[in-house]
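Close look at the chain arrangement
Here are the chains, one letter per residue:
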Amino acid sequence: MTRLVVNASNKKSKIHKEVYGHFSEHLGRCIYEGLYVGEDSKIPNKKGMRTDVVEALKEMKLPMLRWPGGCFADEYHWKDGIGPKESRKRMINTHWGGVLEDNSFGTHEFMELCEQIGCEPYINGNLGSGTVQEMSEWVEYLTFDGVSPMADLRAKNGRKEPWKVKFFGVGNENWGCGGNMTPEHYANEYRRYQTYCRNYGENRLYKVAGGPNVDDYNWCDTVMRIAHRHMDALSLHAYTFENNWDDKGAATGFSEKGWYKTLKNALYMDELVTKHSKIMDRYDPGKRIALAVDEWGCWFNVEPGTNPGFLYQQSTMRDALVAGVTLNIFNKHSDRVRIANIAQLVNVLQSVILTEGEKMLLTPTYHVFNMYKCHQEATLVDSFVETKEIGDLDAKVMNLQESASIGEDGKLHITINNLSVTEGYDVSGVLVDWDIKSVKAEILTNDMGAHNTFDNPDVVHVEEFKDFKATDKGIDFNIPPCSVLHFEVE
Ligand code: AHR
């Protein structure tokens, strides 16, 4: 019997809902087709936004959405995406597939989408190829209430009232596609650009500085040293591959070895977050500044026959486990990780939704986010599970991994993952300082490569889990192989 201990009276940090955030870029079929089909489409929509997708995202309680990129953000000139659609400037999306971007989805459309979903917008400004004035005017256009050149332009385009925008990114991956800058250069540019991103009226911006790529600790240290006084968050980007950048591995049809290698790479997030956090502690011991892991998730080879620049991939039970373990890691680091955005929302990389014409399916990753929504705005509590090392010779992972919180609903929520492809485990759960009134559980489990297709969209789905027994100390249960399990305890 393996022991799981949850100590309900040892309360830790709040798990901010924005940790469950998502990312939508003008890339492949994410925005166009995935989210926005236009008002004249045969696909049911409200003001051009797909009704089926919006409804699924509301159910999942999508808390925050980042836009317009990504690499696209540092090439995006927001004024091209406002005003009458027929006169909007057309451009080539040089980063992603070299396709025509007609700018029919711009600021007003994005804010409309967020309103329909009921989520916070997170807008990423252009520092790489834009000007200080352009970024400053975008903030004015979005949030200024009164008479001003940008507020007047907004009103002329049909929106008198300002929007409320909190999260604002100042550049993206400025060590790479966002201008190939050195950390010193970016940090000084960041200081300059953010100065003119004003707080108008009651709107308060929460400024996110462009942070490191994976384990670039020098970038983290330098940007913190030069600019920490001027930021609310520092971003971190870290993707999970099976192998490496040059051969990311296939999204489906992988081996057991491929399963364990990928999960090992996903678990590396714990080390990254711990080490970056330690560096941030030097400049910000009170943890005022959040670490925003605003791009994470599985990045595999594109599906055969699809445009390589569109980054379209399937999502299997392996992606579900990557999501499950990564979100547990973020929960456990919620004192510092207060924003995270999986990449990307629909039809790109580790999506929660895939679409094909009017068809839509929910991926295993969707189901994990839906199960874990109980942690949004909850209080992390101390938890521990006994583990053993399993896996492949060059890819050892822990067999079990968990986190626990007391939700806004006052209930105790435990999410626990079994990373083994073949073995189930008997677990004896001890709940310290918690009088059990009732227990409910749900599970996502299937073969490692199982996934949903448009012909068979319900292969992987959440089921009620009954294989447990409430005891005088807690809960005893058997967790099946390859599963994500959620207990709700009252
Ligand atoms: O999510 C795809 C791309 O990955 C983003 O545009 C970029 O920021 C990152 O390199």
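Our structure is the block above this text.
Treat the numbers as computed from the prediction; the structure is a model and nothing was measured.

Our focus in this paragraph is the overall build of the protein. Along the protein, the regular secondary structure elements total nine helices and 26 strands. Computed over its C-alpha atoms, the radius of gyration of the protein comes to 22 Å, within 12% of the 23 Å expected for a compact globule of 490 residues. Each principal axis of the C-alpha atoms in the protein carries an extent, and together these give about 65 × 50 × 45 Å. Taking all contacts inside the protein whose residues are at least 6 apart in sequence as the whole, residues at least 24 apart take part in 75%. As displayed, the protein has an accessible area near 18800 Å², and 47% of this comes from carbon and sulfur atoms.

With that out of the way, let us pick up the sheet that holds strand 26 (residues 483–489). Within a sheet, each strand pairs with its neighbour through backbone hydrogen bonds, oriented either parallel or antiparallel. Read from one edge of the open sheet, ten strands run 23-22-26-20-19-16-1-21-25-24, paired in mixed fashion. Two strands lie at the open edges of the sheet, namely strand 23 (462–464) and strand 24 (468–470), each paired on one side alone. With strand direction ignored, the average angle separating the axes of adjacent strands in the sheet is 20°. Bridging between strand 1 (residues 2–14) and strand 16 (residues 379–385) involves six bridges; their strand directions are antiparallel. Each residue of the ladder has a partner; that of valine 6, found in strand 16, is serine 383.

Quick look at unusual backbone geometry now. Cis rather than trans, the peptide bond between tryptophan 67 and proline 68 has omega equal to 5°. With omega at 15°, the peptide bond leading from glycine 69 into glycine 70 counts as cis. Positive phi, close to 85°, is recorded for glutamate 33, a residue that is not glycine. For glutamate 33, the position within the fold is in the loop between strand 2 (21–23) and strand 3 (45–46). Phi at leucine 349 takes a positive value of approximately 50°, unusual for a residue other than glycine. Within the element layout of this structure, leucine 349 appears in the loop between strand 13 (337–343) and strand 14 (353–356).

Before going further, it helps to examine the state of the cysteines. For the structure shown, the criterion picks out one disulfide. The cysteine cysteine 374 is free of any disulfide, with cysteine 119 supplying the nearest cysteine sulfur at 19 Å.

Between helix 2 (residues 107–117) and helix 3 (residues 132–143), the least distance of the axes is 12 Å, while the angle of their chain directions is 50°. If you check the angle between helix 2 and helix 3, you find them oblique. As helix 2 packs across helix 3, the resulting crossing turns out to be right-handed. Contacts between helix 2 and helix 3 involve Thr107, His108 and Met111 from the first element and Trp138, Tyr141 and Leu142 from the second.

Time to look at the site of the ligand. Glu25, Cys71, Glu173, Tyr239 and Glu295 are the nearest of the 13 residues found near the ligand. Within the side chain of tyrosine 239, one N or O atom sits 2.8 Å away from an oxygen atom of the ligand. Computed on the free molecule, the ligand has an accessible area of 280 Å², of which 95% lies beneath the protein chains in the complex. Here the residues of the shell around the ligand sort into seven nonpolar, three polar and three charged.

Conventions adopted
- Residues numbered from 1 in each chain as written.
- Predicted model: local features only at pLDDT ≥ 70, side-chain atom pairs only at ≥ 80, totals over all residues.
- Heavy atoms only, no water.
- Helix = DSSP H or I, 4+ residues; strand = E, 2+ residues; numbered from the N terminus.
- Rg over C-alpha atoms; globule rule 2.2 N^0.38 Å.
- Contact = heavy atoms within 4.5 Å.
- Areas by Shrake-Rupley, 256 points an atom, 1.4 Å probe, with all protein chains shown as cover.
- Pairing = 2+ DSSP bridges.
- Axes fitted to C-alpha atoms, helices over the stretch in contact; angles between N-to-C directions.
- Disulfide = S-S within 2.5 Å.
- Parallel < 35°, antiparallel > 145°, perpendicular 65-115°, else oblique.
- Left-handed = near helix turned anticlockwise from the far one by under 90°.
- Near = heavy atom within 4 Å.
- Polar contact = N/O pair within 3.5 Å; in protein donor to acceptor, adjacent residues only side chain to side chain.
- Nonpolar A, V, L, I, M, F, W, Y, C, P; charged D, E, K, R; others polar.

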